[in-house]
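# Notes for the structure review
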Amino acid sequence: MLTIALESVRFFAYHGLYKEEQVLGNHFILDVQVSIPEPEHPSMLAESVNYEELYNIACRVMEMPQPLLEQVVHNITAAIRERYPAVTHSKVMLRKQAPPFGGDLAYSVVSLEKQY
């Protein structure tokens, strides 16, 4: 198995259940990890997953506000699988910094891991 990952990608977006989150926005940190069978020719990008394209997929999804982070990680996962059907395993983890409920924590986390 070959694993390709993006770690701690930072976004500012407007995801959230509460109106103030949808207006003010928040900082998010995204991790994406995918696995594919080892390519026969590891020097050919066409046989792998382009991490720049993973980033572009994440950007497109993060631009579309959603009330639940669960929907965001699902949409990223589905878009990756659609673009790269050879992916056999994926994990998408989205952290929201300073969620607006008054607690003292660094971030909340929603994660989706799939085996295909």
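Structure report, in brief.

### Examining the overall build of the chain
Scanning the chain from terminus to terminus reveals three helices and four strands. Order of helices (α) and strands (β) in the chain, N terminus to C terminus: β-α-β-α-α-β-β. By its C-alpha atoms, the chain is 50 × 25 × 20 Å across when sized along the principal axes. In the chain, which comprises 116 residues, the proportion classed as buried is 40%. Considering only contacts in the chain between residues 6 or more positions apart, those separated by 24 or more positions represent 61%. About 7000 Å² of surface is accessible on the chain, with carbon and sulfur atoms providing 53% of the total. For the chain, the separation between the mean place of its 9 positive charges and that of its 14 negative charges on side chains is 5 Å.

### Considerations on helix α2 (residues 51-62)
The end-to-end C-alpha distance of α2, which contains twelve residues, comes to 16 Å, matching closely the 16 Å that a straight helix rising 1.5 Å per residue would cover. What α2 keeps buried is the set E53, L54, I57, A58, C59, V61 and M62. If you follow the buried residues of α2, they end up packed against β1 (2-13), β2 (26-36), α3 (69-83) and β3 (89-97). For α2, the N-terminal capping position is held by N50, with its side-chain oxygen 2.8 Å away from the main-chain nitrogen of E52.

### Details of the pairing of β2
Among the eleven residues of β2, nine are classified as buried, and the element is accordingly described as predominantly covered. Sheet topology note: the β2/β3 ladder contains eight bridges and is antiparallel. When the bridges of β3 are listed, V34 appears paired with S90.

### As for the pattern of salt bridges
Counted under the stated rule, the structure contains three salt bridges. E21 is the partner of K96 in a salt bridge, and the nearest nitrogen-oxygen pair spans 2.4 Å. In this pair, K96 is assigned in strand β3 and E21 in helix α1 (residues 19-24), connecting sequence segments 75 residues apart. On the accessibility criterion, K96 (7% relative accessible area) is buried.

### Side note on the nonpolar core
The biggest cluster of nonpolar side chains holds 27 residues, and the ones touching the most others in it are F11, L30, V34, V49, L54, I80 and L94. In terms of residue count, α2 provides more of this core than any other element does, six residues in total. In this structure, I80 is in contact with V32, V34, L54, I57 and V87, ignoring residues within four places of it in sequence.

Procedures and definitions
Residues numbered from 1 in each chain as written. Predicted model: local features only at pLDDT ≥ 70, side-chain atom pairs only at ≥ 80, totals over all residues. Heavy atoms only, no water. Helix = DSSP H or I, 4+ residues; strand = E, 2+ residues; numbered from the N terminus. Buried < 20%, exposed > 50% of the residue type's maximum accessible area, 1.4 Å probe, protein only. Contact = heavy atoms within 4.5 Å. Areas by Shrake-Rupley, 256 points an atom, 1.4 Å probe, with all protein chains shown as cover. Lys, Arg positive; Asp, Glu negative; His and termini not counted. Charge placed at Lys NZ, Arg CZ, Asp CG, Glu CD. Expected span 1.5 Å × (residues − 1). Polar contact = N/O pair within 3.5 Å; in protein donor to acceptor, adjacent residues only side chain to side chain. Pairing = 2+ DSSP bridges. Salt bridge = Lys/Arg side-chain N within 4 Å of Asp/Glu carboxyl O. Core = buried A, V, L, I, M, F, W, Y, C linked by side-chain atoms within 4.5 Å.

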